[in-house]
Amino acid sequence: MGNGKSKSGTITLEPPPPNHPPPLRKTVVEIDVDPSGPVLRGHIATDNGRASSQSKDRRRRLADQLFPAGEETEAYVPRRKKGKTKCASDGLSVVHEVDSKEGDRKKFYHETVLKEKRPVSSKENDRYDVFLKWVKENGAKFPGQYLKKYSEDVRGVHASVTIPAESQIATVPLKLLIHEGMGQLTDVGSRVRAAEHELIVPNHTFVIIYLLETGARYWAKPGRRCTSFFKPYYDILPRSFDSFPIFWTEDEIKWLEGSVLQEQIRDRKENILFDYYEVCRICPDFRDRFDEDDFLWCRTAVGSRNFGITINGVKRTTMVPWADMLNHYRPRETSWTFSDSQQAFTMTALSDLIEGQQVMDSYGKKCNSKFFMHYGFAVENNIEADGRCMNEVLVMLEIPALELDQHLNNQRIEILHAADIHARITMSYNDAATAELLSFARVTVANQVELEEMFARGHAQYPIHEHPVEPVCPRNELAALALLARECRYRLTQYLTTLEEDLDMLKNGGIPPFSNRRNALIVVKSEKQVLHHYVRLSELIA
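Model, not experiment: these values are computed from the prediction.

## Focus: helix α17 (residues 499-508)
In step 1: When α17 is considered as a whole, its buried residues turn out to be L499, D502 and L506. Around the axis of α17, the buried residues are gathered within 60 degrees of arc, so they sit on the same side. Turned more than 90 degrees away from the buried face of α17, the exposed residues are E500, K507 and N508.
In step 2: Looking at the packing, one finds that the buried side of α17 touches α18 (516-541).
In step 3: Just downstream of α17 lies G510, where phi reads positive at about 65 degrees.

Written out as structure tokens, the structure is:
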């Protein structure tokens, strides 16, 4: 689980201020596009088919019967009906119907994974057994579920019975949570908090301080022991994060040639180490006990597993044992929060979880580059239920410096307030960054008549990210898309391989899931698909 996780909420639109510019006059530009090809895609509102109140009441009653408060997990194993099949905990090669879907569910049953797949060991000294015993003894409940370990570093949570929607599927008491407030109370944390620091990510850093000071990485320090209450949790955290790009070798980073990800990986590592040296500056003794590798490891553990929750009225960056073992899938199947009445982190099923299927959480609507950077994986088909592709690519546009008519350029800059733009665009026409970049393109290619129309709309008064420039006329729109397509074609030449080669490699190259090579292919392929989208769109309407 990790950084940036959040639940969707309600957004209230405030009325415009008194000095808000008059409503923009719009020119409707009709463009015929082949429906079978790529088009600029807007957000599609869908009817989720909400259950009737009677259906909800029935589900609540069923949940109360199946999961009575205070019962132990073992009470939720029902008698199997004759002839009924299920994906039992020992039937590791059986693919459940739900998990057989394409994408991030099915990869757990890839033949290369099945070779290593095994249930959690029942040996007394197995660290997962010790962890499960620890959380249960301290009040955690996760009825009707079991932990399945596929390989040393790949695991997931599965349903041992069918769990009705709206059931509370996990309860993790406050005493089992770790948050930045606990790090602030340590000796190092209190000194850092009292000092004038310039930490880039302070909340994460205070959690890191707590984990390191209480022995989370004792196994990497010869002769050191961990006596912390949280040792069983620390012991099941990954010993390495080789799938995260900040730990990749230079040869692996070369797989990303042509993508700005290469630079972003180096920047991310530098930013993390900046926080490390900021703590060391304030507390020199911290450096005596912990080095860069300790901090990088801990920052990755915290960044990829924390939950942003409000505990007793205070927003916290929180590590939640057990809950952070759920893998990512969208659309989301669970929701989570901190319950003040229960004084516990709680997780609720949003739909029926069928016996045997993997129980999954959503890490949010994100571009593949963010999944890749923050969680160490990429989603092969990163499409939302409404059809929107979440992937992004960085594109730069600039006003030509050699424009013959400098008067036109001066007017363009007066509207844009800048001579260039860098934006992460998607295939969605209405995404803020995409709308901003298209606005820039429309102004850049505008002639005198079109610029006068933009001035009349009031665009010079406000930045284009606040008031995007809507289409002006067919000529301008075609020219703007042609400008964007030209930049996209250039970007495509910077990669080592073509999109077709990437797709063939993913399909026929025998590259296993969870491998760094496959994740690199997916994330680069995702960028190319956005670039090709605008190239083809420009060609279709030209």
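## Describing the state of the cysteines
Formally, a disulfide is one covalent bond, and it connects the sulfur atom of one cysteine to the sulfur atom of another.
In step 1: This structure, assessed with the given rule, holds zero disulfides.
In step 2: Free cysteine: C367, not disulfide-bonded; nearest cysteine sulfur from C389 at 8.2 Å.
In step 3: The exposure class of C367 is buried, given its relative accessible area of 3%.

## Here we look at the pairing of strand β13 (residues 420-425)
In step 1: What you see with β13 is a clean split: I421, A423 and I425 sit on the buried side and D420, H422 and R424 on the side with no burial.
In step 2: Note: strand β12 (residues 393-398) against β13, six bridges, orientation antiparallel. Bridge assignment links E398 to a residue of β13, and that residue is D420.

## Some thoughts on the confidence of the model for the chain
In step 1: In the predicted model, the chain carries a mean pLDDT of 83, and 76% of its residues have values of at least 70.
In step 2: Long-range and interchain partners of residues 6-56, a stretch whose pLDDT sits below 50, account for 66 contacts in this model, where long-range means more than four residues apart.

## Quick look at empty space enclosed by the protein
In step 1: Overall, the coordinates contain two cavities of 30 Å³ or more when judged by the stated rule.
In step 2: Computed from the structure, the largest cavity encloses a volume of approximately 50 Å³.
In step 3: Along the walls of the largest cavity sit F244, I246, R268, I272, R299, T300, G303, S304, M373 and H374, which together make up its complete lining.
In step 4: Those elements that provide at least two residues to the lining of the largest cavity are α9 (261-282), α11 (292-305) and α12 (368-375).
In step 5: For the lining of the largest cavity, the leading source of residues is α11, giving four residues.
In step 6: One number sums up the size of the second largest cavity: a volume of about 30 Å³.
In step 7: Along the walls of the second largest cavity sit C367, N368, S369, N391, E392, R424, V523, S526 and E527, which together make up its complete lining.
In step 8: Top element by residues in the lining of the second largest cavity is α18. It accounts for three residues.
In step 9: For the lining of the second largest cavity, a count of residues per class yields two nonpolar, four polar and three charged.

Cut-offs and rules
Residues numbered from 1 in each chain as written. Predicted model: local features only at pLDDT ≥ 70, side-chain atom pairs only at ≥ 80, totals over all residues. Heavy atoms only, no water. Buried < 20%, exposed > 50% of the residue type's maximum accessible area, 1.4 Å probe, protein only. Helix = DSSP H or I, 4+ residues; strand = E, 2+ residues; numbered from the N terminus. Arc of directions from axis to C-beta. Contact = heavy atoms within 4.5 Å. Disulfide = S-S within 2.5 Å. Pairing = 2+ DSSP bridges. pLDDT = per-residue confidence, 0-100. 1 Å grid on protein atoms, 1.4 Å probe; cavity = no way out; pocket = protein on both sides within 12 Å on 5 of 7 lines; lining within 4 Å. Points joined across faces, edges and corners; volume = space filled by probe spheres on them. Nonpolar A, V, L, I, M, F, W, Y, C, P; charged D, E, K, R; others polar.

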